[in-house]
Amino acid sequence: MHHECSGLTQIPFHPLALPLLFADNRFVGRAHVKDSHHPLGGIGGIVPSPRATPGPAGIIADANIDPLIFLKRLLDQYGDVVRYQSRFGPCFVFVNPVHVQAILHDENYRRASLVKMMLGEGLLAVDGPFWRSQRRLMQRDFLPARIEPMVANMVRRTSMLAEKWNAAAQARQPINAMADMTRLTLQIVVEALFSSDLPDSKMTDLCAAVTQTIEDLGQISWTIFGTPMHFAPGASAKFAAGRKAIDQTCYEMISARRAMPQDRRPCDLLTLLIESGDGGMSDRQLRDEIVTMLVGGHETTALALSWAWKLLAENTQVEAQLHGELDQNLQDHAPPMNAIAKLPFSRAVFQESMRLYPPVWYMARVANEEAVIDGHPIPRGACIIVSAWFTHRHIDYWPDPERFNPHRFIDPDPLRHRYAYFPFGGGRHQCLGMHFANIEGAIILATLARQFRVVPLAGQEVRPMPGITLRQSPPMRAMVELRNSRPAISNPRSRP
Ligand code: HEM
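Residues numbered from 1 in each chain as written. Predicted model: local features only at pLDDT ≥ 70, side-chain atom pairs only at ≥ 80, totals over all residues.

## Let's talk about the overall build of the protein
Next, step 1: When you go through the protein residue by residue, the secondary structure sums to 20 helices and 14 strands.
Next, step 2: Counting only residues that meet the buried cut, the protein has 47% of its 496 residues in that class.
Next, step 3: In the protein, the proportion of contacts linking residues at least 24 apart, taken out of those at least 6 apart, comes to 77%. (Helix = DSSP H or I, 4+ residues; strand = E, 2+ residues; numbered from the N terminus. Buried ≥ 20, exposed ≤ 12 C-beta atoms within 10 Å, placed from the backbone. Contact = placed C-beta atoms within 7 Å.)

Written out as structure tokens, the structure is:
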């Protein structure tokens with residue numbers, strides 16, 4: 001899908017296309033109305049400004065290029081703030097941390113509705129008062145004290161994968177790092193949030209369905225960057241099948257839990273949601289929240305780890321330093337929760353991997369009302385894009401930005417702007433699972449890197465594939481090598 005661009009084509013505005021992406025009509029309002037008096041021939045709500053935001057004239061469409069290339073070209077040409085006109089309306093790109101902070105902390109900028117197709121009214125898709133009450137309810141389950149008991153499961157699951165990698169190493173069979181990380185993090189999140197150990201075949205179906213759905217949403221998301229619509233979810237059998245498989249698993253989990261006597265229910269997120277409020281939530285709302293956790297809570301961590309393996313393999317000095325830290329602190333056991341504090345370099349590797357390859361590489365918002373950001377007039381209904389990919393590589397904030405250097409997080413520059421780095425977003429929507437993901441990432445990385453080196457097969461060119469997450473394309477294939485024949489960590493459950 002990495003098409004080279006032959007230039008950005010401009011086509012006349014097509015208002016019918018607008019509702020799909022921006023169309024949370026509660027928020028968009030007047031922005032649909034064409035304003036023939038406007039000098040740009042554009043869209044209602046634009047206030048002629050003393051400071052026109054730089055950007056290409058006309059409507060960008062059929063760009064048909066990778067969004068990372070599309071945005072890089074605009075930012076290289078026009079600077080840190082760019083305005084372009086998509087088929088769906090005006091879009092603004094902001095990459096300066098000062099602007100990112102202003103946007104993420106301002107209630108005027110609300111979520112775009114793309115993911116609603118899959119997540120319904122789940123926490124990751126909604127905004128406003130309903131989001132607020134759901135967030136309040138659910139964040140109790142993400143407090144550090146609630147996460148600690150989940151660590152044993154993280155270790156156990158990772159140790160099971162270590163056994164598989166051990167077998168692959170002995171048999172000289174390559175692994176697919178992204179697939180292994182994705183399955184592992186899905187197992188961990190299912191177990192952590194729903195105390196449910198799905199049978200292998202169900203887990204495989206669920207993993208495939210969620211992965212396919214994220215890919216489909218990613219394809220739709222490209223249209224915001226001028227790519228033609230190649231994919232209609234309503235007409236896609238694959239999308240429908242994926243949704244059905246996910247729904248089936250979720251509804252089964254819900255009804256099994258409802259059927260349990262209250263005093264026998266495990267103390268986890270699903271019980272918390274079922275028993276919340278007066279009459280509890282409807283099955284539909286429960287489904288939306290569960291799917292949100294499944295979608296938001298595993299591929300992101302898996303991708304951060306997949307990129308970490310690639311970066312470590314390419315930077316052997318960093319890899320050696322990581323191994324040194326693990327050998328010194330872990331000996332031959334997996335890291336318990338309190339050991340993570342003794343692994344600052346491992347945590348820094350995880351953080352630096354997300355700097356270079358932020359799993360959520362951009363976020364889109366819709367302006368609820370007309371506003372001004374640092375002198376740039378924002379029309380009501382405009383789309384605002386902030387991108388961790390570009391802010392994390394901003395030369396004013398990150399010296400030698402392309403270099404993989406975890407030391408940036410060991411001795412952080414005290415003057416670095418808080419929003420020079422925001423893999424977990426910020427403001428009111430800051431990632432609910434941030435603490436969970438940081439612990440999980442450190443545990444998986446430490447457990448596996450203590451025992452194995454991941455050595456990519458020669459002749460691959462693994463590039464970032466920007467959808468709604470930042471996957472590898474093609475997924476990196478690698479040999480795993482046992483380090484110094486260290487004993488593999490055994491699966492705690494299989495111990496005598
Ligand atoms: C490395 C892993 C992860 C990354 C990079 C990540 C990134 C993000 C980002 C950037 C947002 C903000 C989205 C926005 O503002 O529109 C977000 C929100 C969210 N994340 Fe994560 N996430 C990760 C792991 C997790 C995990 C493990 C869970 C749950 C188990 C989770 C659940 C959520 C939820 C529910 C939200 C919505 C929060 C709200 O709007 O109130 N995430 N995540």
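## Here we look at the sheet that holds strand 14 (residues 477–482)
Next, step 1: On the basis of which strands lie adjacent, the open sheet formed by 3 strands has the order 6-14-11 and antiparallel pairing. Strand pairing shows two members of the sheet lacking a second neighbour, strand 6 (175–176) and strand 11 (452–456), which therefore form its edges.
Next, step 2: Sheet topology note: the strand 6/strand 14 ladder contains 2 bridges and is antiparallel. Counterpart to asparagine 176 in the pairing with strand 14 is arginine 477. (Pairing = 2+ DSSP bridges.)

## Focus on the confidence of the model for the protein
Next, step 1: Residues of the protein with pLDDT of at least 70 account for 83%, and the chain-wide mean is 82.
Next, step 2: Here residues 1–50 is a poorly scored stretch, pLDDT under 50, and it has 91 contacts once near neighbours within four places are set aside; other chains count.
Next, step 3: Under a pLDDT of 50 for its full length, residues 487–496 has, in the predicted model, 21 contacts with residues more than four places off or in other chains. (pLDDT = per-residue confidence, 0-100.)

## Things to note about unusual backbone geometry
Next, step 1: In this chain, serine 473 is followed by proline 474 through a cis amide linkage whose omega measures -10°.
Next, step 2: Within the element layout of this structure, proline 474 appears in the loop between strand 13 (470–473) and strand 14.
Next, step 3: Notably, arginine 172 is not glycine yet its phi reads approximately 55°, a positive angle.
Next, step 4: The residue aspartate 400 is not glycine, and still its phi comes out positive at about 50°.
Next, step 5: Residue placement: aspartate 400 occurs in the loop between helix 18 (388–391) and helix 19 (407–410).

## Examining the site of the ligand
Next, step 1: Taken together, the neighbourhood of the ligand is formed by 24 residues, with Gly297, Thr300, Gly425, Cys431 and Gly433 sitting nearest.
Next, step 2: Elements represented by at least two residues in the shell around the ligand include exactly helix 13 (283–296), helix 14 (299–314) and helix 20 (434–451).
Next, step 3: Considering only residue class, the shell around the ligand consists of 14 nonpolar, 8 polar and 2 charged. (Near = placed C-beta within 6 Å. Nonpolar A, V, L, I, M, F, W, Y, C, P; charged D, E, K, R; others polar.)

## Points about the environment of proline 67
Next, step 1: Looking at the element boundaries, proline 67 is found in helix 3 (residues 67–78).
Next, step 2: On the basis of neighbour counts, which here come to 22 C-beta atoms within 10 Å, the residue proline 67 falls in the buried class.
Next, step 3: Those residues in contact with proline 67, other than ones at most four positions away along the chain, are Trp222, Phe225 and Pro466.

## Some remarks on the packing of helix 9 (residues 177–194) against helix 10 (residues 200–221)
Next, step 1: Taken N-terminus to C-terminus, the directions of helix 9 and helix 10 make an angle of 110°; their axes are 10 Å apart at the nearest point. For the element pair helix 9 / helix 10, the angle class is roughly perpendicular. Like other packed secondary-structure pairs, helix 9 and helix 10 cross with a definite hand, here right-handed. For the pair helix 9 and helix 10, contact is made by Thr182, Arg183, Leu186 and Gln187 and by Met203, Leu206, Cys207 and Thr211, respectively.
Next, step 2: Here the residues of the contact of helix 9 with helix 10 are counted per class, giving 4 nonpolar, 3 polar and 1 charged. (Axes fitted to C-alpha atoms, helices over the stretch in contact; angles between N-to-C directions. Parallel < 35°, antiparallel > 145°, perpendicular 65-115°, else oblique. Left-handed = near helix turned anticlockwise from the far one by under 90°.)

## As for helix 9
Next, step 1: Between the first and last C-alpha of helix 9 there are 26 Å, a value that for 18 residues agrees with the 26 Å anticipated at 1.5 Å per step.
Next, step 2: Taking burial as the measure, the 18 residues of helix 9 include 16 buried ones, the bulk of the element.
Next, step 3: In the stretch just after helix 9, serine 195 is the one whose phi turns positive, near 45°. (Expected span 1.5 Å × (residues − 1).)

## So, helix 13
Next, step 1: Between its first and last C-alpha, helix 13 extends 20 Å over 14 residues, near the 20 Å set by a 1.5 Å rise per residue.
Next, step 2: With 11 of 14 residues buried, helix 13 lies mostly within the body of the structure.
Next, step 3: Those residues of helix 13 lying buried are Leu286, Arg287, Asp288, Glu289, Ile290, Val291, Thr292, Met293, Leu294, Val295 and Gly296.

## Re the nonpolar core
Next, step 1: Core analysis: the largest hydrophobic core is formed by 131 residues, its most contacted members being Cys383, Ile384 and Leu445.
Next, step 2: At 11 residues, helix 9 tops the list of elements feeding residues into this core. (Core = buried A, V, L, I, M, F, W, Y, C linked by C-beta atoms within 7 Å.)

## Here we look at the packing of helix 9 against helix 14
Pairs of packed helices are described in terms of their axes, by the angle between the two and the distance that separates them.
Next, step 1: Packing of helix 9 against helix 14 brings their axes to within 8 Å, and their N-to-C directions diverge by 145°. In this structure, helix 9 meets helix 14 at a crossing whose hand is right-handed. Residues Ala177, Met178, Met181, Thr182 and Thr185 of helix 9 form the contact with helix 14, whose participating residues are Glu299, Thr301, Ala302, Leu305, Ser306 and Trp309.
Next, step 2: Considered class by class, the residues forming the contact of helix 9 with helix 14 number 6 nonpolar, 4 polar and 1 charged.

## Re the environment of methionine 229
Next, step 1: Mapped onto the secondary structure, methionine 229 falls in the loop between helix 10 and helix 11 (237–259).
Next, step 2: Overall, methionine 229 belongs to the partly exposed group, with 13 C-beta atoms counted inside 10 Å.
Next, step 3: Remark: the alpha-carbon pair of methionine 229 and aspartate 62, spanning 167 residues in sequence, is separated by 8.9 Å.

## Observations regarding the pairing of strand 7 (residues 363–367)
Next, step 1: The buried fraction of strand 7 is high, at 5 of 5 residues.
Next, step 2: Here strand 7 shows two buried faces, one formed by Met363, Arg365 and Ala367 and the other by Ala364 and Val366.

## What about the pairing of strand 4 (residues 89–94)?
Next, step 1: Across the 6 residues that make up strand 4, a large majority, 6, are buried.
Next, step 2: Across 6 bridges, the pairing between strand 3 (residues 81–86) and strand 4 is antiparallel. Directly across from tyrosine 84, in strand 4, lies its bridge partner cysteine 91.
Next, step 3: Hairpin connection of strand 3 to strand 4: 2 residues between the antiparallel strands.

## Focus on the environment of aspartate 283
Next, step 1: Within the element layout of this structure, aspartate 283 appears in helix 13.
Next, step 2: In sequence terms aspartate 283 and tyrosine 251 are 32 residues apart; their C-alpha atoms lie 7.4 Å from each other.
Next, step 3: Setting aside residues up to four positions removed in sequence, aspartate 283 forms contacts with Tyr251 and Ile254.

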